[in-house]
Amino acid sequence: MRGALLACVLLAMTASTAGAGITRLEILRVEPFAGGEEFGEVGGYVKVVGIAHGELDPAARANAVIVNLDRAPRNARGMVEYAVDFYVMRPADPLRGNRTVLYEATNRGRKLMFGWLHDAKDTSPGAVNEPTLREHVGNAFALTRGYTLVWSGWDPDAPAANGGLRIRVPVATDRGRPIVRVIRDEFVFGTRLPATSATAPLSYEAATLDQAQARLTVRAREADPPTEIPASGWSYQGPRAIALVGETAAFRPGFIYDFRYPAKDPKIIGIGFAATRDLVSFLRYEARDRTGTPNPVTLGPDVTGVKAVLAFGVSQGGRFLRDHVAAGFNRDEARRRVFDGVLSHVAGVGRVFANYEFGQPNRTATQHEDHLFPENAFPFSHATLTDPVTGATGALLRGDPTDPLMMEVNTSTEYWQKGASLLHTDPRGGADALLPTTARVYMVAGTQHGGRATSTSDPGPCLHPRNPHSAAPVLRALLVALDAWVVDDLVPPESRVPTVRDGTLVTADRLGFPAIPGIKAPVATNRLAPFGDWTSPRPQPDRAYGTRVSKVDADGNEVEGIRLPAIAAPIATYTGWNHYRAPELAGELCDRDGIYAPLPVTKAERERAGDPRRSLEERYGTREAWLEQVRAAAAQLVIERLLLTEDAARIVAAAERTDPFKRTSP
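> How should the overall build of the chain be read in this particular structure?
Looking only at helices and strands, the chain has 13 helices and 26 strands in total. Against the globule reference of 26 Å for 666 residues, the chain gives a C-alpha radius of gyration of 25 Å, in line with a compact fold. By the burial criterion, 58% of the 666 residues in the chain qualify as buried. Contacts in the chain between residues far apart in sequence, at least 24 positions, make up 74% of those at least 6 positions apart. As presented, the chain carries roughly 25700 Å² of accessible surface, and 53% of it is formed by carbon and sulfur atoms. Across the chain, 77 positive and 77 negative side-chain charges occur, with their mean positions spaced 1 Å apart.

Below, the structure is given as structure tokens:
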């Protein structure tokens, strides 16, 4: 008995070793959400906002992967300190919740859950980051199910305006002296930066304002040779920005400006992974911090604790979660699992450019922009494979008991821009990969990267109207399936993706896209290939990985993946790719956008336009016949657990309010 008791004491000491993990919670405010409005049987919700103070042991094996942690200043106990913003929304009565934490990895400091998962209409920065009204949580999907929602910062340079969440981490030094290195920044105005901006912000402070030590170039297309802008054509605007001067005083929207300069004081960004690990572990396993402040999720040892923790991330947040798992941060220092299940959305095979000296996690690599910054690194898949480029063998999951159950969900865009096919093929794209039973991969056919309930077909900087088709109904169904997988061991729907075996996963030049007037399909995807040092990249296209896309049908819609009623009973062609409108950028893939191209209504209209796609009149005959196909497609997806009953009803109701034969808007 005493031996067992001693083992328990030692385990508890290991879990809360002085000087490691979360040391103190600073609670800034506790307040009812939406005036205490109730959400079904769960009742009201409470918001808890604060700062978690933590420490890392730079000698601990679990932290060895963090770049420059050994160069961080240390406190009197030899530990490296950090402070991370956190935000909790929990049932006011924890016993009425489902005892499951749903953690969202923030995207540039923002909460995206309500806009992307809950169909909230108000996506203004204030509503996103500081929800106060009932309408800010949209359909209240997670709240009515009793989840405790948690967010925290992980990027020290994420925008703090409008309640953005950050982490405060130390700057690395060389034995107390500043670290200086020539690095590279890239600026594209009109997508990554405001088109009208007069200055370009630097990722790090310039070590010197001597223009002779810096170089600025510009090019229109990514593969174009750069043209140097002489020192007389630009100037520093202090140590954190540059501007154009003279005849070239305006940055050209869509053009790529590359700036190489001596920078100093790299923050230790990789601490964000460890801080996420330690905060979530604390909320899951601990009753109080070391000063006695109760855990804001469980409210102390006398309340039923956390049953499971799920993680959800969109785009950058999804890439962060993939990196978190791959780097070993899903196991805390007491060797306990952090996240039980992870749903990564629109991440492709990417990670974040964070755990590097002078990292820039705001980057997101596409065919045109940020193309030669670190994001994609082997292993891409959860299957164990060998990299033909480096000879390494590995998988994203680590193969130990602390691995989470994984769901990777992507839109069509990620197959064109983010190498998503490499999630389920070998690195050359020549054969399907055998995924472990603990991982699923899904493609939502006919959707674009940013598609959600509030999306419109406004073309923006693109040549064609953008794709408004939302993947949110699938995300909700899959999150419910992930929860059941984790909590009840209920096997989720099988992966739903195009495959090499069935001939539905093809190279871009074999897409089979119809000759729709005015629309020309691209002949290549964004190429993923090694390029060496990101500060002076040297692309190696002959060593590119084999990215593939889904074959399309006679309408131009993808034949595989999860085909929501908009694709199964189409009134338009929906793609995951588009082109830039500016003539100088012709042929470049337009950011992460797709195309919406309505089908002709009548045979006469089709023939006049020379459109090869069958008209609505020819394929359905009547509006009621189209509605019957919508209803049937929705019902089948419910049976397959890829659509919730309530979402099927919403989709059918929306169709019933629509008359595509009268050209209503999407």
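> Quick question: what am I supposed to make of the sheet that holds strand 10 (residues 200-201) here?
Pairing between the strands of a sheet is mediated by backbone hydrogen bonds and can be parallel or antiparallel. Across the sheet, three strands lie side by side as 10-15-14; this open sheet has antiparallel pairing. Pairing within the sheet leaves two strands with one partner each, and these edge strands are strand 10 and strand 14 (234-236). In this structure, strand 14 lies alongside strand 15 (residues 241-244), joined through three bridges in antiparallel fashion. Looking at strand 15, one finds that W234 is bridged to L244.

> Would you mind showing me how to read the pattern of salt bridges here?
Where charged atoms from two side chains of opposite charge come close, those side chains can pair. Enumeration according to the criterion identifies 51 salt bridges in this entry. Residue D340 is joined to R337 by a salt bridge in which the shortest nitrogen-to-oxygen separation is 3.1 Å. Classification of D340 as buried rests on a relative accessible area of 8%. A residue is classified by how much of its surface remains accessible, and R337, at 30% relative accessible area, is partly exposed. Residues participating in the shared-partner salt-bridge network are D185, R192, R363, E369, D370, D591 and R592.

> Quick question: what am I supposed to make of unusual backbone geometry here?
Glycine aside, negative phi is the norm for most residues, and most peptide bonds take the trans geometry. Look at the link from F378 to P379: it is a cis peptide, with omega at 0°. Tracing the backbone through its elements, the reader meets P379 in the loop between strand 18 (341-345) and strand 19 (385-386). The residue R641 is not glycine, and still its phi comes out positive at about 65°. Mapped onto the secondary structure, R641 falls in the loop between helix 12 (623-639) and helix 13 (645-656). On the accessibility criterion, R641 (30% relative accessible area) is partly exposed.

> Explain the packing of helix 5 (residues 271-285) against helix 6 (residues 316-326) here, please?
Two measures define how a pair of helices packs: the angle their axes make with one another and the distance between the axes. Interaxial distance between helix 5 and helix 6 falls to 11 Å at its minimum, and their mutual angle equals 85°. What the angle tells us is that helix 5 and helix 6 run roughly perpendicular. Contacts between helix 5 and helix 6 pair G272, F273, T276 and R277 from the former with F320, D323 and H324 from the latter. Residue composition of the contact of helix 5 with helix 6, grouped by class: two nonpolar, three polar and two charged.

Each value, and the rule that gives it
Residues numbered from 1 in each chain as written. Predicted model: local features only at pLDDT ≥ 70, side-chain atom pairs only at ≥ 80, totals over all residues. Heavy atoms only, no water. Helix = DSSP H or I, 4+ residues; strand = E, 2+ residues; numbered from the N terminus. Rg over C-alpha atoms; globule rule 2.2 N^0.38 Å. Buried < 20%, exposed > 50% of the residue type's maximum accessible area, 1.4 Å probe, protein only. Contact = heavy atoms within 4.5 Å. Areas by Shrake-Rupley, 256 points an atom, 1.4 Å probe, with all protein chains shown as cover. Lys, Arg positive; Asp, Glu negative; His and termini not counted. Charge placed at Lys NZ, Arg CZ, Asp CG, Glu CD. Pairing = 2+ DSSP bridges. Salt bridge = Lys/Arg side-chain N within 4 Å of Asp/Glu carboxyl O. Axes fitted to C-alpha atoms, helices over the stretch in contact; angles between N-to-C directions. Parallel < 35°, antiparallel > 145°, perpendicular 65-115°, else oblique. Nonpolar A, V, L, I, M, F, W, Y, C, P; charged D, E, K, R; others polar.

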